[in-house]
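Here's the letter readout for the chains.
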Amino acid sequence: MKPAANVPPERAAAMTAQGLWFNRLILDDLDAAVAACPDKTAVIAHRSESGASTTLTYGELDRASRHVARGLLANGVGVGDVVSFQLPNWWQFTALHLGCVRIGAVSNPLMPIFRERELRFMLGHAESRLFIAPRRFRKYDYTAMAARLRDELPALDAVYHVGGEIPDSFEDAFLSGAPLTDERRPAPPALPDPNDVTQILYTSGTTGEPKGVMHTANTLIAALPPFIERMGLSEADVMLMASPLAHQTGFMYGLMLPILLRGTAVLQDFWAPATAVELMARHGVTFTIASTPFLSDLADFDGLADHDLSRFRIFLSAGAPIPRSLVERATANLGAHILSGWGMTENGCVTCCSPGDPAEKIFGTDGDAVPGMAVAVVDDHGVAVAPGVEGALRAQTPSMFAGYLKRPELYGVDADGWLDTGDLARMDAQGYIRITGRAKDIVIRGGENIPVVEVEEILYRHPVIRELAIVAMPDSRLGERACLFVGLVPDATLTLDEVIAYLDEQNMARQYYPERLEVLDALPRTPSGKIQKYVLREQ
């Protein structure tokens, strides 16, 4: 079943009439950049393991995307077919998405940390036609993992590996031969409609399974012009993207945003502050967006004084609250505006501070709504609460996603376009919000959601665990880490190393593992028998 966007005609008409949807594709922006500045650097992709960087101009990126489009067609990929790629921040990621758009295929980026358990579900749920991954990355053998998955995924026609060998070489299948030209394009496929699904991105589920968030060209692009306005960005900007492109932060603001600006993206494939600082100095980086741990590592890097970061002016931190002391330290050490923001896979960046905002707003809030977007804090009856009072956070945005793949019943957007975000917040009299908690049962570790219920379900199968709960514990660098509380069967013992060994056997991403274990005689419960997680969080 091919993905279908939930875009009622009345929504499309209203968004267009208000000038919030632009009814164009990312290819339109690429074409404009190629026409205006074909020799300007579009992407600098740094490979941390080899230390080498690849630079593509806008003209070269355009040609690479046409090569990819031809390769997709040669593999039988058509309009609405899902192409999954589990790539680090390499230039091939950008070319793959642009190639998919050229033929109307749907991009399904997958985080490089995912392993068999996550991929088995995601590739099967999306009915992916192709899967593209590295041959090896960070000492992990993706080729062997893909081979183990093939027989379990009947819809999957082919697997290719960047850096692979014939017959599974991405380079041989997608980058050799003649590129696709508009004159050689079959009909179909024609270019997709801006309201067709163009991206499926899986969230870390708060129930037992992740949800496939569907976006169209209109919903993705709608988030960017108001963000550009808020940040004061232009074609002169150079953006460092060390957050994964397979995360919405990286996808919107590291892949799409530079193309809209006709700016330059500097891609870092895994985080190391020394590498980041060197890239920032070498390429004159002016802007980045990442989670709080990235900011902490940069601000505290010993070698800052040895590098010229004079062009760097904005670090937007999203995904976890920024401690006031870190903002002060980073401002002094980096000489840049340190701003906070809040967003979701379903919407992109919804609120953020502005350069020049008063210190109390930057230190104490997650910003106000960017132009064209709205947020509200409401009580249990949906009525707005007074300034400073905690309530449920709702969002209404032109970048609102177009549904969850195969889960239409979960699309919790009301008739007026408001989404219950699942977060708790306070709003001040000027409209600035502060995230205060989450109704969702998740832990945010370094800006990445840990699917607590899924991990709990696996651990409940452990033979000595009688009851358990995973809750967030504060961490000065990552914001939060996962703490596992357990009650054991009589006379049993359990160590954290044994928990990790058990999860290793389940092929789960290591970033989801609990990092602390507390054994209790009994977990606190309500009179109805529910575990009181707030009591455990306090502990």
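Above this note sits the structure.
Residues numbered from 1 in each chain as written. Predicted model: local features only at pLDDT ≥ 70, side-chain atom pairs only at ≥ 80, totals over all residues. Heavy atoms only, no water.

### A word on helix 13 (residues 324-334)
Moving on, step 1. Of the positions making up helix 13, those classed as buried are L326, V327, A330 and L334. Taken down its axis, helix 13 places every buried residue within 100 degrees of arc, on the same side.
Moving on, step 2. Residues of helix 13 that are buried make contact with helix 12 (292-299), strand 15 (337-344) and helix 14 (359-364). (Buried < 20%, exposed > 50% of the residue type's maximum accessible area, 1.4 Å probe, protein only. Helix = DSSP H or I, 4+ residues; strand = E, 2+ residues; numbered from the N terminus. Arc of directions from axis to C-beta. Contact = heavy atoms within 4.5 Å.)

### Structural notes on the environment of V452
Moving on, step 1. By secondary structure assignment, the location of V452 is in helix 15 (residues 452-459).
Moving on, step 2. Residues V452 and L220 lie 232 residues apart in sequence; the distance between their C-alpha atoms is 28 Å.

### What about the sheet that holds strand 24 (residues 465-475)?
Moving on, step 1. Strand order in the open sheet made by the 3 strands is 24-25-26, with mixed pairing throughout. Here the strands that pair on one side only, and so sit at the sheet edges, are strand 24 and strand 26 (516-519). Averaged over all neighbouring strand pairs, the angle between strand axes comes to 25 degrees, with direction disregarded.
Moving on, step 2. Taken together, the 10 bridges between strand 24 and strand 25 (residues 479-488) define a ladder with antiparallel strand orientation. Paired with E467 across the strands is G487, a residue of strand 25.
Moving on, step 3. Seen against the sheet, helix 15 touches strand 24 and strand 25 and runs at an angle of roughly 145 degrees to strand 24. (Pairing = 2+ DSSP bridges. Axes fitted to C-alpha atoms, helices over the stretch in contact; angles between N-to-C directions.)

### Examining the side chain of T288
Moving on, step 1. When you line up the elements, T288 lands in strand 13 (residues 287-290).
Moving on, step 2. Leave out the neighbours within four places in its chain, and T288 touches L240, F312, I314, F315 and L316.

### Brief notes about the pattern of salt bridges
Moving on, step 1. Across all of its chains, the model carries 26 salt bridges by this definition.
Moving on, step 2. A salt bridge links R230 to D368; the nearest nitrogen and oxygen atoms lie 2.9 Å apart. Of this pair, R230 sits in helix 9 (residues 224-231) while D368 sits in strand 17 (residues 368-369), and the two are 138 residues apart along the sequence. Of the two residues examined, R230 and D368, each falls in the buried class. (Salt bridge = Lys/Arg side-chain N within 4 Å of Asp/Glu carboxyl O.)

### Let's talk about unusual backbone geometry
Moving on, step 1. Backbone torsion omega between I166 and P167 reads 15 degrees, so that peptide bond is classified as cis.
Moving on, step 2. Of note, P167 is situated in the loop between strand 8 (158-162) and helix 7 (170-174).
Moving on, step 3. For N23, which is not glycine, the phi torsion reads 50 degrees and is therefore positive.
Moving on, step 4. Among the secondary structure elements, N23 is positioned in the loop between helix 1 (9-17) and helix 2 (26-36).
Moving on, step 5. The backbone of E127 shows a phi angle near 55 degrees, a positive value even though the residue is not glycine.
Moving on, step 6. With respect to the helices and strands, the residue E127 is situated in the loop between helix 5 (116-126) and strand 5 (130-134).
Moving on, step 7. Relative accessible area serves as the criterion here: at 29%, E127 is assigned to the partly exposed category.

### Describing helix 12
Moving on, step 1. Burial within helix 12 is extensive, with 8 of its 8 residues counted as buried.
Moving on, step 2. Among all positions in helix 12, only T292, P293, F294, L295, S296, D297, L298 and A299 are buried.
Moving on, step 3. Summarising the contacts, the buried residues of helix 12 are in contact with helix 11 (273-283), strand 13, strand 14 (314-318), helix 13 and strand 15.

### Considerations on the pairing of strand 11 (residues 238-241)
Moving on, step 1. Where burial is concerned, the two faces of strand 11 agree: the one with V238 and L240 and the one with M239 and M241 are both buried.
Moving on, step 2. Where strand 11 meets strand 12 (residues 264-268), 4 bridges bridge the pair, whose relative direction is parallel. The partner of M241 across the bridge, within strand 12, is L267.
Moving on, step 3. Of the pairings in the sheet, the one linking strand 11 to strand 13 comprises 2 bridges and is parallel in character. Bridging across to strand 13, L240 finds its partner in T288.

### Examining the packing of helix 4 (residues 91-103) against helix 10 (residues 248-261)
Moving on, step 1. In the contact formed by helix 4 and helix 10, the axes pass within 11 Å of each other and the chain directions differ by 70 degrees. Between helix 4 and helix 10, the interaxial angle falls into the category roughly perpendicular. In this structure, helix 4 uses F93, T94, H97 and L98 to contact helix 10, whose residues at the interface are F251, L255 and I259.
Moving on, step 2. Class assignment for the residues of the contact of helix 4 with helix 10 results in 5 nonpolar, 2 polar and no charged. (Parallel < 35°, antiparallel > 145°, perpendicular 65-115°, else oblique. Nonpolar A, V, L, I, M, F, W, Y, C, P; charged D, E, K, R; others polar.)

### Quick notes on the sheet that holds strand 14
Moving on, step 1. An order of 2-1-12-11-13-14-15-16-17 is seen for the 9 strands of this open sheet, with the pairing classed as mixed. The two strands at the open ends of the sheet, each matched to only one other strand, are strand 2 (53-57) and strand 17.
Moving on, step 2. Running over the sheet, helix 9 touches strand 13, strand 14, strand 15, strand 16 (348-352) and strand 17 and is turned about 35 degrees from strand 16.
Moving on, step 3. Contacts from helix 11 reach strand 1 (41-46), strand 2, strand 11 and strand 12, with the element oriented near 160 degrees to strand 12.

### Thoughts on the packing of helix 2 against helix 3 (residues 58-74)
Moving on, step 1. It is the contact of helix 2 with helix 3, at a shortest axis distance of 8 Å, that shows an interaxial angle of 135 degrees. Considering their axes alone, helix 2 and helix 3 lie oblique with respect to each other. In the packing of helix 2 onto helix 3, the handedness of the crossing is left-handed. Between helix 2 and helix 3, the contacting residues are L30, D31, A33 and V34 on the first element and Y58, G59, L61, D62, S65 and R66 on the second.
Moving on, step 2. Here the residues of the contact of helix 2 with helix 3 sort into 5 nonpolar, 2 polar and 3 charged. (Left-handed = near helix turned anticlockwise from the far one by under 90°.)

### Things to note about the environment of D428
Moving on, step 1. Along the chain, D428 falls in the loop between strand 20 (419-427) and strand 21 (433-438).
Moving on, step 2. Residue D428 is classed as partly exposed on the basis of its relative accessible area, which comes to 23%.
Moving on, step 3. Distance from D428 to R63, taken between C-alpha atoms, is 49 Å for residues 365 residues apart in sequence.
Moving on, step 4. Those residues in contact with D428, other than ones at most four positions away along the chain, are K361, T365 and P387.

### Examining the nonpolar core
Moving on, step 1. Ranked by size, the top nonpolar core spans 171 residues in total, and within it I132, Y253, L257, L334 and L459 carry the most contacts.
Moving on, step 2. Among residues more than four places away in sequence, those in contact with I132 are V83, S84, F85, Q86, L87, L96, Y160, V162 and F170. (Core = buried A, V, L, I, M, F, W, Y, C linked by side-chain atoms within 4.5 Å.)

### Considering the packing of aromatic side chains
For any two aromatic rings, the description comes down to two numbers: the centre-to-centre distance and the angle of the planes.
Moving on, step 1. Evaluated as defined, the whole model comprises 13 aromatic pairs.
Moving on, step 2. Consider the rings of F401 and Y404, whose centres lie 4.7 Å apart with planes at 55 degrees: the pair is tilted.
Moving on, step 3. Judged by its relative accessible area of 0%, F401 is buried.
Moving on, step 4. Overall, Y404 belongs to the buried group, its relative accessible area being 9%.
Moving on, step 5. Linked through ring pairs, F85, F93 and F251 together constitute an aromatic cluster.
Moving on, step 6. Above the face of the W90 ring, R47 is positioned so that its terminal group lies 3.5 Å from the ring centre.
Moving on, step 7. Above the plane of the ring of Y404 lies K211, whose end atom (NZ or CZ) is 5.2 Å from the centre. (Phe/Tyr/Trp six-rings, centres within 6.5 Å; stacked < 30°, edge-to-face > 60°. Lys NZ or Arg CZ within 6 Å of the ring centre and 35° of its normal.)

Note that every value here comes from positions in space, so none of it alone points to a role or purpose.
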